[in-house]
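Results of the structural survey
Here is how the chains run, residue by residue.
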Amino acid sequence: MWLSDRWIDYELIDCGQGEKLERWGEQLLVRPDPQAIWNTPRSHPGWKKNAGRYARSSTGGGQWQNKSMPERWTVSYGALTFNIKPMNFKHTGLFPEQAANWDFARQQIRNAGRPVSVLNLFAYTGGATVACAAAGASVCHVDAAKGMVQWARENAMDFVMVAPDDPLALGMVDALEKAGIPAFGPRKNAAIIEASKAFSKELMKQYHIPTAKYETFTGLDQALAYIREQGAPIVVKADGLALGKGVVVASTVEEAETAVREMMEDKKFGESGSTVVIEECMTGPEVTVLAFCDGEHLAPMLSSQDHKRAYDGNQGPNTGGMGAFCPSPKYTPEIAERCVKEIFQPTVAALKAEGRPFKGVIYFGLMLTKDGPKVVEYNARFGDPETQPILSMLDTDLMDIFQACVDGTLDQVDIKWKSGAACCLVLASGGYPVKYQSGYPISGLEEAEKLGATVFHAGTKQGETGTVLTAGGRVLGVTATGSTLEEAIAAAYAAAKPISFQDMHFRTDIGKV
């Protein structure tokens, strides 16, 4: 990922003995010779031009192109249009799944003055490109589907992390690999564990992985008859991707019938609801465990707990998540051992046996029932908002882990975690997840980060005057760490206090229920 805009006052110094020193303003980076591709002579007229752009060639050399970087790239794929925009970083993260980008940015800053594995990142996000103090690079993560691959090739991307569910399900990793660009994330045939709930349930059934009893339906009448036969409470799930909103935990038969009609008859989620999975309603604490995978080996991350309901006391409609914390005190070493043996390793082995080796992150949504841990759902990616606190606790270079997952050497990486805990509090638009207004100015962001929190942007955009505005349901994720879970929760709430926008809504009981 070697593309950068606004290289102001840049020079390269040959230090001898195979090292070169790069100076970007006040920031110094040492790059060992195998990575030292920045060998353009200082006499070149493009050497110190602000609009100069260095393009890396496949052989490790390159040339200066004296042209300005565009304000943004517009990339179309099918009926979708994506905007990509360079973004300077210092303290503002990218949210939801792109909290991984923030870890890259932290590594970049922390490793200043010694070799680093990631120099420049670019990101497509739906959030604001908040202008922060330049750390010498731009951030860029390619967050679209196959139409993005050509852009990645033309702009000499060395590695791509594909985070969201849609591009994974559409085969973006496959297309990148075909183009010769290494990519982190599962191929299309493995990403199906999230893209089709019917597939994942059948996989669990076939390989004896504990989960709720279920039936799959493609006909409305049969689905309604099954609901009346089973009674309530009962769970109705759209088979395909539905932006995290395709699951209804129905407390009455009537509620379940309405959910099925909306999915199958009214096409609330398009074709994603043409097939539905109806399953028993399990009870018990819910815990999430994300795990890195390289197709054969698996490395679980810290456990976490999400808060899906919109209102305090776990009331109201389901959302994409109103907050999360890690680690979960309910995920004991004994339960962890059972999950690895009965769920995690069998899942990775099952996918490999089916010719669908999984490389990337598997999200295990778990229910700790009286009969033991069971799978609620799989995701084929980092989860939101769990990723924000989890990666805040990571003490190993994330790029090293990504590379090991791609190379199949995850068992050779010693992944370390910080002691303590972390909490993410989501600040949402009033009325979310049903109906809400956007476009309101946000204040207090700098004050929040002065208190030591990281504010991840979700539903935000920049106004014409540079003001950050609300632009979605879940607007911000205020994330803080502490030596204990109680300290982390208190720090997140304290950091959120200065932030304000019209109709702002958040739960007051994250980590307390």
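We now turn to the structure provided with this report. What you see is a predicted model, and the numbers here were worked out from it, not measured in a lab. (Residues numbered from 1 in each chain as written. Predicted model: local features only at pLDDT ≥ 70, side-chain atom pairs only at ≥ 80, totals over all residues. Heavy atoms only, no water.)

**Some words on the overall build of the protein chain**
Helices and strands together make up the secondary structure of the protein chain, namely 13 helices and 27 strands. Taken across its 513 residues, the protein chain has 56% of its residues classed as buried. Pairs at least 24 residues apart make up 65% of the contacts formed inside the protein chain by residues separated by at least 6 positions. For the protein chain, the exposed area adds up to about 21400 Å²; of that, 49% sits on carbon and sulfur atoms. (Helix = DSSP H or I, 4+ residues; strand = E, 2+ residues; numbered from the N terminus. Buried < 20%, exposed > 50% of the residue type's maximum accessible area, 1.4 Å probe, protein only. Contact = heavy atoms within 4.5 Å. Areas by Shrake-Rupley, 256 points an atom, 1.4 Å probe, with all protein chains shown as cover.)

**Things to note about the packing of helix α5 (residues 188-195) against helix α6 (residues 197-206)**
As a packed pair, α5 and α6 sit with axes 6 Å apart at the nearest point and diverge in direction by 95°. Of the possible angle classes, the one that applies to α5 and α6 is roughly perpendicular. Of the residues in α6, those in contact with I192, I193, E194 and A195 of α5 are K197, F199 and S200. In terms of residue class, the contact of α5 with α6 is built from four nonpolar, one polar and two charged. (Axes fitted to C-alpha atoms, helices over the stretch in contact; angles between N-to-C directions. Parallel < 35°, antiparallel > 145°, perpendicular 65-115°, else oblique. Nonpolar A, V, L, I, M, F, W, Y, C, P; charged D, E, K, R; others polar.)

**So, the sheet that holds strand β12 (residues 234-238)**
With antiparallel pairing, the four strands of this open sheet are ordered in space as β11-β14-β12-β13. Unpaired on one side and paired on the other, β11 (214-217) and β13 (247-250) mark the two borders of the sheet. Across the sheet, the mean angle separating the axes of adjacent strands is 20° when strand polarity is ignored. Pairing analysis gives four bridges linking β12 to β13, with the strands arranged antiparallel. Across the sheet, I234 pairs through a bridge with A250, a residue of β13. Helix-sheet contacts for helix α8 (residues 253-265) involve β11, β12, β13 and β14 (276-280), and the interaxial angle to β12 is about 5°. (Pairing = 2+ DSSP bridges.)

**Things to note about the packing of helix α7 (residues 220-230) against α8**
Packing of α7 against α8 brings their axes to within 10 Å, and their N-to-C directions diverge by 165°. As judged from the angle between their axes, α7 and α8 are roughly antiparallel. In the packing of α7 onto α8, the handedness of the crossing is right-handed. Across the interface between the two elements, L220, A223, L224, I227 and R228 of α7 pack against V253, A256, E257, V260, R261, M264 and E265 of α8. Broken down by class, the residue content of the contact of α7 with α8 amounts to eight nonpolar, no polar and four charged. (Left-handed = near helix turned anticlockwise from the far one by under 90°.)

**Points about the pattern of salt bridges**
All chains considered together, the criterion is met by 15 salt bridges. The partner of K370 in a salt bridge is D371, and the shortest N-O contact between them spans 3.6 Å. Shared partners join several salt bridges into a network, and the residues in it are D165, E194 and R381. (Salt bridge = Lys/Arg side-chain N within 4 Å of Asp/Glu carboxyl O.)

**So, the environment of V277**
Of note, V277 is situated in strand β14. Residue V277 is classed as buried on the basis of its relative accessible area of 0%. The sequence separation of V277 and F217 amounts to 60 residues, and the corresponding C-alpha distance is 6.4 Å. Contacts of V277, omitting those with residues within four sequence positions, involve K197, A198, K201, Y214, E215, T216, V235, V236 and K237.

**Details of the pairing of strand β19 (residues 323-326)**
Covered by surrounding structure in β19 are G323 and F325 together with A324 and C326, the residues of both alternating faces. Bridging between strand β16 (residues 298-306) and β19 involves two bridges; their strand directions are antiparallel. Bridging across to β19, Q305 finds its partner in F325. For β19 and strand β22 (residues 421-429), the ladder comprises four bridges, and the chain directions are antiparallel. Within β22, the residue paired with F325 across the bridge is C423.

**Re the side chain of D384**
With respect to the helices, strands and loops of the structure, D384 is situated in the loop between β21 (372-379) and α10 (387-392). Within the local environment of D384, its side chain forms a polar contact with the side chain of R474, the two groups lying 2.8 Å apart. (Polar contact = N/O pair within 3.5 Å; in protein donor to acceptor, adjacent residues only side chain to side chain.)

**Things to note about the packing of aromatic side chains**
Enumeration over the complete set of coordinates arrives at eight aromatic pairs. Between F184 and F402 the ring centres are 3.8 Å apart and the planes differ by 20°, which places this aromatic pair in the stacked class. In this pair, F184 sits in strand β10 (residues 183-184) while F402 sits in helix α11 (residues 398-407), placing the two residues 218 residues apart along the sequence. Ring geometry for F292 versus F382: centroids 6.3 Å apart, planes at 80°, classification edge-to-face. Taken together, the residues span a long stretch of sequence, with F292 in strand β15 (residues 286-294) and F382 in the loop between β21 and α10 at a distance of 90 residues. Each member of the pair, F292 together with F382, is buried. (Phe/Tyr/Trp six-rings, centres within 6.5 Å; stacked < 30°, edge-to-face > 60°.)

**Some remarks on helix α9 (residues 333-353)**
Taking 1.5 Å as the rise per residue, α9 with 21 residues should run 30 Å; its terminal C-alpha atoms sit 28 Å apart, in good agreement. At V340, α9 shows its largest kink, close to 45°. Among the residues of α9, A336, C339, I343, F344, P346, T347, V348, A350 and L351 are the ones counted as buried. Tucked inside the fold, the buried residues of α9 contact α5, α6, β15, β16, β20 (359-369) and β21. Immediately beyond the C-terminal end of α9, within one or two residues, lies G355, with a positive phi of roughly 75°. (Expected span 1.5 Å × (residues − 1). Bend = angle between axes of the 7 residues up to and from the residue.)

**With respect to α8**
A rise of 1.5 Å per residue sets the reference length of α8, with its 13 residues, at 18 Å; its end C-alpha atoms lie 17 Å apart and thus fit the reference within 8%. Within α8, the full set of buried residues consists of A256, E257, A259, V260, M263 and M264. All buried residues of α8 lie within an arc of 160° about the axis, which places them on one face of the element. Along its buried surface, α8 packs onto β11, α7, β12, β13 and β14. (Arc of directions from axis to C-beta.)

**Topic: the environment of T275**
On the secondary structure map, T275 appears in the loop between α8 and β14. Given the relative accessible area of 18%, T275 is considered buried. Considering only alpha carbons, one finds T275 and K197, 78 residues apart in sequence, at a separation of 9.3 Å. Contact partners of T275, with chain neighbours within four places excluded, come to T216, F217, T218, K237, A238 and D239.

Coordinates in, geometry out; function isn't part of it.
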